[in-house]
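Below are the chains, spelled out letter by letter.
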Amino acid sequence: MIIRPRTRGFICTTAHPVGCATNVNNAIERVQAGGRLPHSPRNVLVIGSSSGYGLASRITVAFAGGAATLGINFEKEPTEQKTASAGWYNSLAFDHAAKKQGLWSKTLNQDAFADQAKEDAIAVIKQSMQPLDLVVYSLASPIRRDPDTGEVHRSVIKPIGEACSVKDLNVDKAEITDEVTLNPASEEEIASTVKVMGGEDWQRWIRQLSAAGVLAKGCRTLAYTYIGSELTWPIYRNGTIGHAKEHLEQAATQIRQEVAGIEGDVRIVALKAVVTQASAAIPVVPLYNSILFRVMKQMQLHEDPVAHIDRLFRALYGESQPPLDDDGRIRMDEAELSKEVQSRVLSLWPRVNTQNLRETTDFAGFRKDFLQLFGFEVEKVD
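The notes below deal with the structure included here. (Residues numbered from 1 in each chain as written. Predicted model: local features only at pLDDT ≥ 70, side-chain atom pairs only at ≥ 80, totals over all residues. Heavy atoms only, no water.)

Another point: the overall build of the protein. What the protein contains, in helices and strands, is twelve helices and 13 strands. Here the C-alpha radius of gyration of the protein, 20 Å, is about what a compact globule of 382 residues would show, namely 21 Å. By its C-alpha atoms, the protein is 60 × 50 × 45 Å across when sized along the principal axes. Considering the protein as a whole, with its 382 residues, one finds that 54% of them fall into the buried category. Considering only contacts in the protein between residues 6 or more positions apart, those separated by 24 or more positions represent 76%. As displayed, the protein offers around 17,500 Å² of accessible surface, 48% of which is attributable to carbon and sulfur atoms. Measuring between centres, the 43 positive side-chain charges of the protein sit 4 Å from its 47 negative side-chain charges. (Helix = DSSP H or I, 4+ residues; strand = E, 2+ residues; numbered from the N terminus. Rg over C-alpha atoms; globule rule 2.2 N^0.38 Å. Buried < 20%, exposed > 50% of the residue type's maximum accessible area, 1.4 Å probe, protein only. Contact = heavy atoms within 4.5 Å. Areas by Shrake-Rupley, 256 points an atom, 1.4 Å probe, with all protein chains shown as cover. Lys, Arg positive; Asp, Glu negative; His and termini not counted. Charge placed at Lys NZ, Arg CZ, Asp CG, Glu CD.)

Encoded structure:
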């Protein structure tokens with residue numbers, strides 16, 4: 001079978017199994033080159049473990065820290081006519097590499113929003129692991145079925161209150177549109193987005209894990225968020241996604257109270273912009289990322305998900321702790337949001353057009369990162 005990338009907007013409908021496995025193995029080599037995590041967690045659950053920051057988290061704690069890891073993800077298996085999703089191949093490669101290096105690992109390919117996934121995870125932890133000392137919540141999904149009502153909720157990417165016009169990049173055509181108008185979300189759309197992308201499911205996971213007695217004393221749980229630049233705020237921080245992220249932060253406060261009895265630590269982690277399947281779907285973000293990557297690479301500040309998470313965990317489980325902001329969030333986005341980086345991005349923003357896209361941005365790097373999510377354009381892979 002000849003496997004080629006078939007892209008449609010922010011989606012690639014094919015994935016290369018060897019390319020995905022090579023990406024995972026390259027990431028493993030990189031984190032191991034940094035040495036051991038001094039005080040690594042020993043038993044880790046990663047919810048949303050098949051790609052992006054979730055996969056990077058699992059790779060770091062396992063292969064730099066020696067942790068036993070349980071991953072939860074919902075990916076398409078291959079058929080005779082179609083390849084699997086990239087995340088399916090990523091998880092397969094992770095488990096194969098873990099076994100080869102004598103590390104315990106298991107991946108449950110299930111809908112993490114469903115109570116059945118939580119029950120199955122608890123059964124695995126009780127049977128094959130010790131109580132968890134780290135739970136990472138890194139779920140990115142456009143749809144969620146409420147386990148109590150059965151109602152299906154779909155997230156939307158829209159502004160709140162009034163329409164907004166944004167500058168956007170068509171990745172397929174490498175064309176920039178100066179004004180794309182986005183209509184405001186309805187109250188129902190806002191509520192559905194919060195249901196999918198807010199903190200309700202994170203809180204439900206921790207409650208059920210706690211009730212089952214599988215959280216160790218001092219267990220830490222992390223959920224990832226993005227704050228970003230003022231250029232992305234109209235559609236991101238001030239839009240439906242931002243509203244959901246506010247709910248995530250409110251959930252952190254409630255979870256902190258619920259795990260106080262086991263001296264649990266609950267943190268939201270603000271991360272930098274990277275190319276993921278989720279971020280590629282957000283208007284403005286592909287263009288912003290293309291400019292940002294150019295600036296940060298020129299300043300030797302750029303990090304991909306693996307490098308970024310590796311730095312996070314070496315701070316969390318090293319001799320020094322990462323910085324907290326006034327709201328108690330761990331801030332790993334300090335380089336992206338520095339005055340110098342943002343001033344350079346802001347100066348380039350109005351100048352970029354279709355004709356000079358490749359000269360004024362790192363569109364080539366963005367496009368390569370996007371294709372590599374699916375195992376394409378990977379060095380030494382046909």
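All right, on to the pattern of salt bridges then. Applying the stated criterion to the full structure yields 25 salt bridges. As a salt-bridge pair, Glu334 and Arg311 come within 3.0 Å of each other at their nearest N and O atoms. Taken together, the residues Glu334 in the loop between strand S13 (330-331) and helix H10 (339-348) and Arg311 in helix H9 (residues 305-316) connect sequence positions 23 residues apart. Here Glu334 falls in the partly exposed class, since its relative accessible area comes to 40%. Close ionic contact of Arg329 with Asp327 constitutes a salt bridge, the shortest N to O distance being 3.3 Å. By relative accessible area, which is 58% here, Asp327 ends up exposed. Salt bridges sharing partners connect three or more residues here, namely Arg237, Glu249, Asp325, Asp327, Arg329, Arg331 and Asp333. (Salt bridge = Lys/Arg side-chain N within 4 Å of Asp/Glu carboxyl O.)

Once that is clear, we can look at the nonpolar core. Counting residues in each nonpolar core, the largest one holds 45 residues, and the members touching the most others are Leu287, Tyr288, Leu292, Val345 and Leu357. Listing elements by their share of this core, those giving two or more residues are helix H3 (86-100), strand S9 (164-170), strand S10 (175-182), helix H8 (285-298), H10 and helix H12 (363-372). The greatest single-element share of this core, amounting to eight residues, is contributed by H8. In contact with Leu287, not counting residues within four places along its chain, are Lys167, Leu169, Ile176, Trp349, Val352 and Leu357. By size, the runner-up hydrophobic cluster in this structure holds 36 residues, among which are Val24, Phe94, Leu271 and Leu316. (Core = buried A, V, L, I, M, F, W, Y, C linked by side-chain atoms within 4.5 Å.)

A rise of 1.5 Å per residue sets the reference length of helix H1 (residues 17-33), with its 17 residues, at 24 Å; its end C-alpha atoms lie 24 Å apart and thus fit the reference within 8%. The complete set of buried residues in H1 reads Gly19, Cys20, Thr22, Val24, Ala27, Ile28 and Val31. Buried residues belonging to H1 abut helix H2 (52-63), H3 and H9. Positive backbone phi, at 90°, marks Gly35, one or two positions downstream of H1. (Expected span 1.5 Å × (residues − 1).)

Now for the pairing of strand S6 (residues 132-137). Most of S6 is tucked away: five of the six residues are buried. Looking at chain direction, strand S3 (residues 43-47) and S6 are connected through four bridges and run parallel. What sits directly across from Val44, in S6, is Leu134. Inspection of the sheet shows S6 paired to strand S11 (residues 215-225) by five bridges, in the parallel sense. If you follow Tyr137 over to S11, its bridge partner there is Ala223. (Pairing = 2+ DSSP bridges.)

The full count for this structure, using the stated rule, is one cavity of 30 Å³ or more. A volume near 40 Å³ is recorded for the largest cavity. Ile206, Leu215, Cys219, Thr221, Val259, Ile262, Gly264, Asp265 and Val266 are the residues that line the largest cavity. Looking at which element gives the most residues to the lining of the largest cavity, the answer is S11, with three residues. Residues that form the lining of the largest cavity fall into these classes: six nonpolar, two polar and one charged. (1 Å grid on protein atoms, 1.4 Å probe; cavity = no way out; pocket = protein on both sides within 12 Å on 5 of 7 lines; lining within 4 Å. Points joined across faces, edges and corners; volume = space filled by probe spheres on them. Nonpolar A, V, L, I, M, F, W, Y, C, P; charged D, E, K, R; others polar.)

This brings us to the environment of Val156. Tracing the sequence through the fold places Val156 in the loop between strand S8 (152-154) and S9. In this structure Val156 comes out as buried when scored by relative accessible area, which is 17%. Counting along the chain gives 25 residues from Val156 to Pro131, while the straight-line C-alpha distance between them is 37 Å. Contact partners of Val156, with chain neighbours within four places excluded, come to Ala185, Glu189, Thr193 and Thr240.

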